[in-house]
Amino acid sequence: MYAGLRDSWELTKPFLRPARFWNAVKVYASYYWGRMTGSAAQWGKPLAVGIEPTTACNLGCPQCPSGLNTFTRPTGKMTAEKFAVVVDKLADACGYVTLYFQGEPYINKAFTAMIAECTKRGIYSATSTNAHFLTESVAEETVQAGLKRMIISIDGVTQDSYSHYRVGGQLEKVLEGTRHVLNARKKLGKKNPVVIWQFIVFAHNEHELPEVKRLAKEYGVDKLAIKTAQVYDAENAEQWLPVDDKKSRYQKNEQGKLELKYAGLRHCSRLWTNPVVTWDGNVVPCCFDKDAEHGFGNVIDEDFETVWQGEKAAEFRKRLKKGRSNIEICRNCSEGTRVWL
């Protein structure tokens, strides 16, 4: 509870700056104006942004484009210099950066420098990791750099269960990495990052929920987040989905095909509040555009406003207004769907 309240306050502070607060007013005004009138106007910059350190990953998760290496877009790593360019164009308005999209962020040697850049500019930084690169020294660098929130994927309490999805991974590395971060926090006298274990519920691990809850208490993580699984390969999806229907975000329709529960939400705020920047600077609508098929432009080469308020972005927002079923990446989007258990 305490960690949650502290994290909420840390997340609020960046937006108390007058310029960021005013930007938030403009963004939400344009969003709700669009809801009422059908307008695709965007009057501000994003409140939050995801920035991709790298597409590379050390694991081979079978429902992940990065793990399967199925990208058709260019792959690579963002440099610290290019990251600084991106942040410089957003820092006046953006108060939250997710240092993650596809890939394992710690594979990029510049990753902790990216965290430090956010800290220097008063931006709340968060990441998601498989924890395999969290050595004692890297954990201390991370804490010193000022990361605010760290999600660690665990997804199993035995090696067999964990590696069933996290192919090529080692559960002991996850546990060891967790210990290193918590110990570094204590050693350096810091309260952050808030450490969250994320457990995705699959058919092979749904019986482990009581044990992962016990283990989370034993390790002293700040929060355990239980998440429903997202699948991309429809033909092989059912082997991954839990038997307990309450733990799945999908259901079968009348034709026997899987569809999202509670689907049909027509509106989405992400096109106003929270885009993603790929490792090479391409601005895409949101984190569901894994292959960057709907890029609006390159923020390294252009002003952010030119990209974010440009013709391609406006056209995408207009398409979204006509219904999420009209856009492929929106059909599997969790907006309006129960994701957390």
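Reading the values: rules and limits
- All residue numbers here refer to positions counted from 1 along the written sequence of the relevant chain.
- In keeping with the predicted nature of the model, local features appear solely for residues at pLDDT of at least 70, side-chain atom pairs appear and are counted solely at 80 or more, and the whole-chain, interface and lining totals rest on all residues.
- With hydrogens and water excluded, all non-hydrogen atoms of the structure serve as input to the side-chain values.
- Secondary structure follows DSSP: runs of H or I at least 4 residues long count as helices, runs of E at least 2 residues long count as strands, and numbering of each begins at the N terminus.
- Accessible area is worked out with a 1.4 Å probe on protein chains only. A residue is then buried under 20% of its type maximum, exposed over 50%, and partly exposed in between.
- Under the pairing criterion, centres of Phe, Tyr and Trp rings, with the six-membered ring standing for Trp, must be within 6.5 Å; the plane angle then separates stacked pairs below 30 degrees from edge-to-face pairs above 60, leaving the rest tilted.
- Here, over-ring charges are defined by two tests on the NZ atom of lysine or the CZ atom of arginine: distance to the ring centre within 6 Å, and angle to the ring normal within 35 degrees.
- Should any heavy atoms of two residues lie within 4.5 Å, those residues are considered in contact.
- What the arc measures is the spread of directions leading from the helix axis to the C-beta atoms.
- By nonpolar core we mean a set of buried residues, namely Ala, Val, Leu, Ile, Met, Phe, Trp, Tyr and Cys, connected to one another through side-chain atoms within 4.5 Å.
- Only residues whose relative accessible area exceeds 30% and that take part in no salt bridge are eligible for patches, with like-charged residues grouped when within 9 Å of each other and nonpolar side chains (Val, Leu, Ile, Met, Phe, Trp, Tyr) grouped when within 5 Å.
- Each accessible area value is a Shrake-Rupley result obtained with a 1.4 Å probe; residue values ignore everything except the protein chains displayed when judging cover.
- Note on definitions: salt bridges are taken to be side-chain nitrogens of Lys or Arg within 4 Å of carboxyl oxygens of Asp or Glu.
- We define a polar contact as two N or O atoms separated by no more than 3.5 Å, with the added condition that, inside protein, one atom must be a possible hydrogen donor and the other a possible acceptor, whereas residues neighbouring each other in sequence contribute only through side-chain atom pairs.
- Only four residue types enter the tally: Lys and Arg on the positive side, Asp and Glu on the negative side; His and the chain ends are excluded.
- DSSP-based pairing: two strands are paired if at least 2 bridges between them are found.
- The path from the first strand over the helix to the second decides the hand: if it runs clockwise while the strands point away from the viewer, the crossover is right-handed.
- Axes, fitted as lines to C-alpha atoms, cover a helix only where it is in contact. Angles between the N-to-C directions of the axes lie from 0 to 180 degrees.
- Roughly parallel means an angle under 35 degrees; roughly antiparallel, over 145; roughly perpendicular, 65 to 115; everything else is oblique.
- Crossing handedness is read from the near helix: turned anticlockwise from the far helix by less than a right angle, it gives a left-handed crossing, and turned clockwise, a right-handed one.
- Three classes are used, and their members are as follows: Ala, Val, Leu, Ile, Met, Phe, Trp, Tyr, Cys and Pro are nonpolar, Asp, Glu, Lys and Arg are charged, and the others, Gly among them, are polar.

S.K.: Would you mind showing me how to read the environment of Ala110 here?
M.R.: Within the secondary structure, Ala110 sits in the loop between strand 2 (96-98) and helix 5 (111-120). According to the relative accessible area criterion, Ala110 is buried, its value standing at 17%. Ala110 sits 31 residues away from Thr79 along the chain, and the two C-alpha atoms are 6.7 Å apart.

S.K.: What is the right way to read the packing of aromatic side chains from this model?
M.R.: Two descriptors summarise a pair of aromatic rings, namely the distance from one centre to the other and the angle between the planes of the rings. Counted according to the given criterion, the structure contains 12 aromatic pairs. Within the aromatic cluster, the residues linked to one another by ring pairs are Tyr28, Tyr31, Tyr32 and Trp272. One cation-aromatic arrangement involves Arg317 over Trp272; the distance from NZ or CZ to the ring centre is 5.6 Å. Between Arg317 and the ring centre of Trp308, over which it is positioned, the NZ or CZ distance is 4.6 Å.

S.K.: When you look at the environment of Pro46 in this model, what are you seeing that I'm missing?
M.R.: Following the sequence through the fold, Pro46 ends up in the loop between helix 2 (18-37) and strand 1 (48-51). Along the chain, Pro46 and Asn183 lie 137 residues apart, while their C-alpha atoms are 35 Å from each other. Apart from residues no more than four positions distant in its own chain, Pro46 is found in contact with Asn23, Leu90, Ala93, Cys94, Trp272, Thr273, Pro275, Phe304 and Trp308.

S.K.: Honestly, helix 4 (residues 80-88) in this entry has me stumped. Any pointers?
M.R.: In an α-helix, one turn spans 3.6 residues; hence positions three or four apart end up facing the same way. Those residues of helix 4 lying buried are Phe83, Val86 and Val87. Down the axis of helix 4, the buried set is contained in an arc of 95°. They therefore lie on one face. Those residues of helix 4 that are buried are in contact with strand 1, helix 5 and strand 9 (276-277).

S.K.: Would you mind showing me how to read the nonpolar core here?
M.R.: Considering soluble globular proteins, one finds that nonpolar side chains tend to be buried as a cluster. Counting residues in hydrophobic clusters, the biggest one holds 86 residues, and the most contacted among them are Ile51, Ile154 and Trp197. Counting residues per element, this core draws most heavily on helix 8 (residues 171-187), at 6 residues. The residues contacting Ile51, other than those within four sequence positions of it, are Met78, Phe83, Val86, Val87, Val97, Thr98, Leu99, Tyr100 and Val277.

S.K.: Even after reading the chapter, I still don't get a nonpolar patch on the surface, so can you show me in this structure?
M.R.: A cluster of nonpolar side chains, Phe21, Trp22 and Val25, forms an exposed patch at the surface whose accessible area comes to about 330 Å². Examined against the element boundaries, Val25 turns out to sit in helix 2. Take Val25: its relative accessible area is 33%, and that puts it in the partly exposed class.

S.K.: Which parts of the structure should I look at to understand the side chain of Arg185?
M.R.: By the secondary structure assignment, Arg185 is in helix 8. Here the side chain of Arg185 touches Pro193 through a polar contact of 2.7 Å, landing on its backbone oxygen. When sequence neighbours within four positions are dropped, the list of residues in contact with Arg185 reads Arg6, Val143, Lys190, Lys191, Asn192, Pro193, Val194, Val195 and Asp222.

S.K.: Is there a simple way to explain the side chain of Glu206 in this structure?
M.R.: Here Glu206 is to be found in the loop between strand 5 (194-201) and helix 9 (209-219). No salt bridge is formed by the buried Glu206; its nearest oppositely charged neighbour, Lys247, is found at 4.8 Å. A distance of 2.6 Å separates a polar side-chain atom of Glu206 from the backbone nitrogen of Val243. Discounting chain neighbours no more than four positions away, the residues touching Glu206 are Val201, Pro242, Val243, Asp244 and Lys247.

S.K.: Before we go on, may I ask you to explain the pairing of strand 3 (residues 124-129) in this structure?
M.R.: Regular strands have side chains that alternate between both faces of the sheet. Most of strand 3 is tucked away: 6 of the 6 residues are buried. On strand 3, burial covers both faces: Tyr124, Ala126 and Ser128 on one face and Ser125, Thr127 and Thr129 on the other are all buried. Direction of pairing for strand 2 relative to strand 3: parallel, over a ladder of 3 bridges. By the bridge assignment, Thr98 is partnered in strand 3 with Ala126. Handedness of the crossover joining strand 2 and strand 3 through helix 5: right-handed.

S.K.: Got a minute to help me understand the packing of helix 6 (residues 136-145) against helix 8 in this structure?
M.R.: Describing two packed helices takes the angle between their axes plus the distance from one axis to the other. Put simply, helix 6 and helix 8 touch, their axes get as near as 8 Å, and they point 55° apart. It follows that helix 6 is oblique to helix 8 by the angle criterion. The hand of the helix 6/helix 8 crossing is right-handed. Of the residues in helix 8, those touching helix 6 at Glu136, Ala139, Glu140 and Val143 are His180, Val181, Ala184, Arg185 and Lys187. Residues that form the contact of helix 6 with helix 8 fall into these classes: 4 nonpolar, 1 polar and 4 charged.

S.K.: Explanation requested: helix 6 in the structure shown.
M.R.: Those residues of helix 6 lying buried are Val138, Ala139, Glu140, Thr142, Val143 and Ala145. Of the surrounding elements, those touching the buried residues of helix 6 are helix 5, strand 4 (149-153) and helix 8. Looking one or two residues beyond helix 6, the residue adopting positive phi is Gly146, at roughly 100°.

S.K.: Please clarify how the pairing of strand 4 should be interpreted in this entry.
M.R.: In the sheet, strand 3 pairs with strand 4 via 4 bridges, with the strands oriented parallel. Residue pairing in the sheet places Thr129 in a bridge with Ile152 of strand 4. As paired strands, strand 4 and strand 5 are joined by 5 bridges and run parallel to one another. Within the sheet, the bridge partner assigned to Arg149 lies in strand 5 and is Val194.

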